[in-house]
Structure formats: C-alpha cells, structure tokens
Amino acid sequence: MSVVAEDITVSYGQHRALRGVSLKAQPGQVTAIVGPNGSGKSTLLGAMTGSLPYLGEVRLNGQDIRSMKPWALAAQRAVLPQTARLAFPFTVIETVRLGLQFGTAGDRPEVPSQALAKVGLAHYANRSFHDLSGGEAQRVMLARVLAQVWAPVENGQPRWLFLDEPVSSLDIGHQLQVMEIARDFAQSGGGVIAVMHDLNLTALYADRVAILSKGEMLAVGTPNEVLTDATLSAAYECQLRVSHPPPADIPFILPHAAVTQNTRP
Ligand SMILES: Nc1ncnc2c1ncn2[C@@H]1O[C@H](COP(=O)(O)OP(=O)(O)O)[C@@H](O)[C@H]1O
Ligand SMILES: [Mg+2]
C-alpha cells in the first residue's frame, strides 16, 4: 500500500516540464516535494493525482490510477490545489461539505463541522467563502479535503492527502497548525504528499524529502540525507548553508550571505 510514480514525463506543448521522474510515498509518512519555482512540483502532483496527462505509471494502493474510476480515486485520495477558486458564493460550511460529495464520509453529516473545527474555523461556518482572507480560504479548503478522506485508514487501506503548498498563505502559527494536522493524518496510518516551499518547515515535518530541479529528480531521502549544503545550493542555484542546531539536530537552512555577513562578534 503506497503511492508509486514511475518514470513520469509531462509536457505542456513543446515544453517538457518533467523528465522521467520517479517517487514512492509510504503511508504513515509525510513526503515533501521541494524545488525552485517552475521545477515541476505542481506538475508532479498533477500527474500523481491523475489530473494531468503523463507518460509513465502511477499506482495508488497498488492500482494503476488510469484504471480507476473517478469516484474510486476520490474515495482514496483528496487533493488540495495550489490556488483555490470557487465559482459560486458558497458559505464556508457548504464549501467544506463539497468534500463529502465523492469522499468516504458521505453518510456522516457531522464530518464537515468537525473538519472545520480541526482547522480552527468552526465559528466561520456561515460566512461567505468569498469574503475570507487568503489564509482563511486556504484553511477552509484544507478542511474540505480532510472531510473527503476523513478516516486516514479505511477497509485496511491508507487514504492519501495530496497538498500543493498548503501553508503558502499562512502565518507561522497556522503553518504549524496545518503541518501538525498533516503529521497526525500520517501518524494515524494515512499518507501525505505535500509540495513545500519553506525548507525549514520541511525539515521539521517531513519524513522524506524529494528535491526537483528543472523537471528532474535531484535527490530523495530523509531530511538529514538530502537537505545538505551541496544539494540545496545546486537545486536553488544560490549559496545555502545548512546547520543542525541542538537539541533536535534537525537541518536548519539559511542563505550563505546571511550566515557570513550577520555574524556578530
Ligand atoms: N498549463 C501550463 N502550460 C504551459 N506550461 C506550464 C503549464 N503549467 C506549468 N507550466 C510550466 O511547467 C513548468 C513546471 O511548472 P510547475 O509544475 O507549476 O512548477 P512548480 O510547481 O515547481 O513551481 C514551469 O516551467 C511552468 O512554466
Ligand atoms: Mg507549483
């Protein structure tokens, strides 16, 4: 039971966005995909969730996703897109309820308000989604995907959260809240695959990290294995310095210039 992407190639017209990329994600873990702007992170997520045409193969809990009906896919994995737009002026709770439509919690009407409470927005239930700030809207959309795959394990199979930059609009407190939710989902037996921008947050919460660069997979491993000076500086094409401050010994990334210029006597 895992998510396996094998030899994925995606082109937009003449532009090849991904070249022969492979990635395996295990349930019980948060797998982060990082890399500079335009390196193919959203494209990889799009292929792994079956929302983009691709060459190669993607297996979700052992099944080729090309052979799965849309409702079967929706019951096993939920997708938080990078930008969330709603065409209709739904209220917040109606927006979260949309997650139930295809998901596994369909006959559990209490799930949307529980999902909303989980992201700390229970008191916003009857507000209009269009009136929310960017960060609030992002958390409501997370509640929606949580409602879709409410149980991290169902019928002995892990459920999967695919999150594209889930904390991009959030303040640091809510970044931690959302990453804790992702970690809890994984620790309860589900799987999380998250595109991440913030390398330090990635180091704190990811069990495995995949680094994309120019449409190719540069490195995959634990944060300690792949979040290194050499790999990050190569991927982001700037000088980065990784330290391991106590007590946790978790990689901490700073720009090289900041480390050398701001060192006070
Ligand atoms: N719909 C599209 N049409 C054409 N090119 C696209 C499209 N979406 C993405 N791209 C290009 O593909 C590359 C990878 O994009 P994307 O996966 O969105 O990058 P990331 O999420 O890592 O920032 C970029 O060069 C981007 O400009
Ligand atoms: Mg993206």
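Keep in mind the model is a prediction, meaning the values are calculated, not measured.

### Observations concerning the site of ligand 1
Neighbouring ligand 1 are the residues Tyr12, His15, Ala17, Gly35, Asn37, Gly38, Ser39, Gly40, Lys41, Ser42 and Thr43. Among the elements that take part in the shell around ligand 1, helix H1 (residues 41–48) stands out by supplying 3 residues, more than any other. Of the residues assigned to the shell around ligand 1, the class counts are 2 nonpolar, 8 polar and 1 charged.

### Observations regarding the sheet that holds strand E6 (residues 77–80)
Read from one edge to the other, the open sheet built from 6 strands follows the order E6-E9-E10-E3-E11-E12, with strand pairing classed as mixed. Strand pairing shows two members of the sheet lacking a second neighbour, E6 and strand E12 (216–221), which therefore form its edges. Averaged over all pairs of adjacent strands, the angle between strand axes in this sheet comes to 15°, irrespective of strand direction. Taken together, the 4 bridges between strand E3 (residues 30–34) and strand E11 (residues 208–213) define a ladder with parallel strand orientation.

### Some remarks on unusual backbone geometry
The linkage connecting Pro246 with the following residue, Pro247, adopts the cis geometry, with an omega of 5°. By the element assignment, Pro247 lies in the loop between strand E13 (240–243) and strand E14 (252–255). One non-glycine residue, Glu237, lies in the positive phi region at around 50°. Turning to its location among the elements, Glu237 is positioned in the loop between helix H9 (229–236) and E13.

Cut-off values and rules
- Residues numbered from 1 in each chain as written.
- Chains lettered and ligands numbered in written order.
- Predicted model: local features only at pLDDT ≥ 70, side-chain atom pairs only at ≥ 80, totals over all residues.
- Near = placed C-beta within 6 Å.
- Helix = DSSP H or I, 4+ residues; strand = E, 2+ residues; numbered from the N terminus.
- Nonpolar A, V, L, I, M, F, W, Y, C, P; charged D, E, K, R; others polar.
- Pairing = 2+ DSSP bridges.
- Axes fitted to C-alpha atoms, helices over the stretch in contact; angles between N-to-C directions.

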